[in-house]
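If you want the building blocks of each chain, they are given just below.
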Amino acid sequence: MFDETVPVLENRPLTGGHFLLSLDAPRQAPGVRPGQFGMVRILGRSDVLLRRPMSIFDVKAAGGGHSGSTQKAAAPRILQLLYKIVGRGTRMMAELKPGDKVGLLAPLGHGFFEEEYLPRAHASDEILQVAGGIGIAALMLPAKQLADAGFRQRLFFGARTKEDLVGMEDFKPLVRGMLLATENGSMGYRGYVTRPLEDYLTKHSDKKFLLMACGPGAMLRATVELAKRFRHPCLVSMENRMGCGVGVCLGCSIRVQGTGHDAYQRVCTEGPVFWSEKIVWENEKRLGIKE
């Protein structure tokens, strides 16, 4: 990981108060693994002291293209963060213009390591990506890696409104199909995305799936329960609030299977990606959306 001041290349406004922030990070982008995150610091503002944790949405070479491509390409140097305005820090981020600079500590966390989840992917008929709201940001890079490797994928994406369903276009070339859900019924199924997920698992009960999920705590818990009921492995990317991002403050710790000191692990270092059966889900109230 590197802690550097990097320039803003673009801060593109999307729908529903979402933005796609592109940073010129030639030292950090090449080392990014799918599922990792970065900590962003707003410079020159004493009223915002803590960095903001952000899932790394994508990394690209200067001329375009993503790092997951199997074709030989230039090393990535553009690091992209997908975020939504939810508080003071993200409101300030939304004001960033090309040429402005931010502090970036990245890449962080262990993400989706190939040796941990690719064997399960090979044993599956299809990988089901399950995203809730801004949780879509953590699933883009692993979806690209899996698509490049030839795996069948399907996206289940839920949000409050259709304006919150950002990133769909980026996913289209990576998956065989998408099932969308909005709480107000403005697009796709009216309700929570876990309902069409349950219907799909029921309809294809003879298939083997690997579930990969990121989103609000309640959605994660419901997804994990479905995976357990239908006996499919499930990976979850946690989105706890963080103070430091490097394991010092312990503020992002969650309860896991174990005893004593081994009963807790840090989302920022041991995570953010965990096998679902490792987490003690009674602790779900500690889950939160990144700001």
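Just so you know, these numbers come straight off a predicted model, no measurement behind them.

Participant: Provide a residue-level description of the pairing of strand β12 (residues 209–214), including the pertinent values.
Facilitator: The element β12 is largely enclosed, with a buried count of six among its six residues. Side chains Phe-209, Leu-211 and Ala-213 of β12 all project onto a buried face; the interleaved residues Leu-210, Met-212 and Cys-214 project onto the opposite face, where all are buried too. In the sheet, β12 pairs with strand β13 (residues 234–237) via four bridges, with the strands oriented parallel. When the sheet's bridge partners are listed, Ala-213 is paired in β13 with Val-236. This β-α-β element, β12 to helix α6 (residues 217–230) to β13, shows right-handed connectivity.

Participant: Can you break down unusual backbone geometry residue by residue, with the values?
Facilitator: Look at the link from Ala-106 to Pro-107: it is a cis peptide, with omega at -10°. With an omega of 10°, the peptide bond running from Gly-271 to Pro-272 counts as cis. Its identity as a non-glycine residue notwithstanding, Arg-231 has a phi of 65°, on the positive side. Here Arg-231 falls in the exposed class, since its relative accessible area comes to 76%. Its identity is not glycine, yet Leu-250 carries a phi of approximately 65°, on the positive side. Take Leu-250: it is sitting in the loop between β13 and β14 (253–255).

Participant: Describe the environment of Val-86, with residues and values.
Facilitator: For Val-86, the location among the structural elements is in the loop between β6 (78–84) and α1 (88–93). Once the C-alpha coordinates of Val-86 and Asp-148 are considered, the two residues, 62 residues apart in sequence, prove to be 34 Å apart.

Participant: Pulling in residues and values, what's your account of the side chain of Ser-276?
Facilitator: Within the secondary structure, Ser-276 sits in the segment after β16 (273–275). Dropping the residues within four chain positions of it, Ser-276 is found in contact with Val-224, Cys-234, Val-236 and Trp-281.

Participant: Describe a nonpolar patch on the surface, and please don't skip the residues or the numbers.
Facilitator: Judged by side-chain polarity, Met-1, Val-246 and Val-248 come together as a nonpolar surface patch covering roughly 300 Å² of accessible area. Note that Val-246 resides in the loop between β13 and β14.

Participant: With reference to specific residues and values, describe the side chain of Lys-144.
Facilitator: Here Lys-144 lies in helix α3 (residues 140–148). A residue is classified by how much of its surface remains accessible, and Lys-144, at 9% relative accessible area, is buried. A polar contact of 2.4 Å, which involves the side chain of Lys-144, links it to the side chain of Asp-58.

Participant: Go over the confidence of the model for the protein chain, please, and point to the residues and values.
Facilitator: Confidence along the protein chain averages 91 in pLDDT terms, with 92% of residues attaining 70 or more. Every residue in residues 67–71 is under pLDDT 50, and counting partners more than four places away or in other chains gives six contacts. Taken as a whole, residues 283–291 scores under 50 in pLDDT and shows 31 contacts with residues more than four places along the chain or in a different chain.

Participant: Lay out the state of the cysteines with the relevant residues and their values.
Facilitator: As enumerated under the stated definition, the model contains zero disulfides in all. Its sulfur unpaired, Cys-214 is 11 Å from the next cysteine sulfur, which belongs to Cys-234. Cys-249 provides the cysteine sulfur closest to Cys-244, a residue in no disulfide bond, and the two sulfurs are 3.7 Å apart.

Participant: So what about the pattern of salt bridges? Which residues, and what values?
Facilitator: Opposite charge on two side chains permits pairing when their charged atoms draw close. Per the stated rule, a full pass over the model turns up 13 salt bridges. Taking the shortest distance from any N to any O, the salt bridge between Asp-199 and Arg-195 comes out at 3.5 Å. With Asp-199 and Arg-195 both in helix α5 (residues 194–203) and four residues apart, the pair spans about one turn of that helix. For Arg-195, a relative accessible area of 44% corresponds to the partly exposed category. Residue Arg-221 is joined to Glu-225 by a salt bridge in which the shortest nitrogen-to-oxygen separation is 3.1 Å. You can see Arg-221 and its partner Glu-225 sitting in helix α6, four residues apart, about one turn around the helix. Look at Arg-221 and you get partly exposed, because its relative accessible area is 24%. Here Glu-225 falls in the partly exposed class, since its relative accessible area comes to 44%. One salt-bridge network, in which partners are shared between bridges, spans Asp-58, Lys-60 and Lys-144.

Thresholds, definitions, all that
Residue numbers run consecutively from 1 along every chain, following the written order of its sequence. Given that this is a predicted model, residues contribute local features only at a pLDDT of at least 70 and side-chain atom pairs are listed and counted only at 80 or more, while totals for whole chains, interfaces and linings are drawn from all residues. Working from all heavy atoms in the structure, the side-chain values ignore hydrogens and water. To sort residues, take the accessible area from a 1.4 Å probe on protein chains only and compare it with the maximum for the residue type: under 20% means buried, over 50% means exposed, and anything in between is partly exposed. Put simply, DSSP H or I for four residues or longer makes a helix, DSSP E for two residues or longer makes a strand, and each gets a number counted from the N terminus. Pairs of strands are assigned from DSSP output, requiring at least two bridges between the strands. When the strands point away from the viewer, a crossover counts as right-handed if the path from the first strand over the helix to the second runs clockwise. Contacts are residue-level and defined by heavy atoms, with any inter-residue pair within 4.5 Å sufficient. To count toward a patch, a residue needs a relative accessible area over 30% and no salt bridge; like charges are then connected within 9 Å, while nonpolar side chains (Val, Leu, Ile, Met, Phe, Trp, Tyr) are connected within 5 Å. Every accessible area reported is derived by Shrake-Rupley at a probe size of 1.4 Å, with residue values counting cover from the shown protein chains alone. Salt-bridge detection follows one rule: a side-chain nitrogen of Lys or Arg within 4 Å of a carboxyl oxygen of Asp or Glu. Each polar contact in these results corresponds to two N or O atoms within 3.5 Å; when the atoms are within protein, one needs to be able to donate a hydrogen and the other to accept it, and residues that are neighboring in sequence are counted only if both atoms are side-chain atoms. On a range of 0 to 100, pLDDT expresses the predictor's confidence in each residue. Cysteine sulfur atoms that pair up within 2.5 Å are treated as a disulfide.

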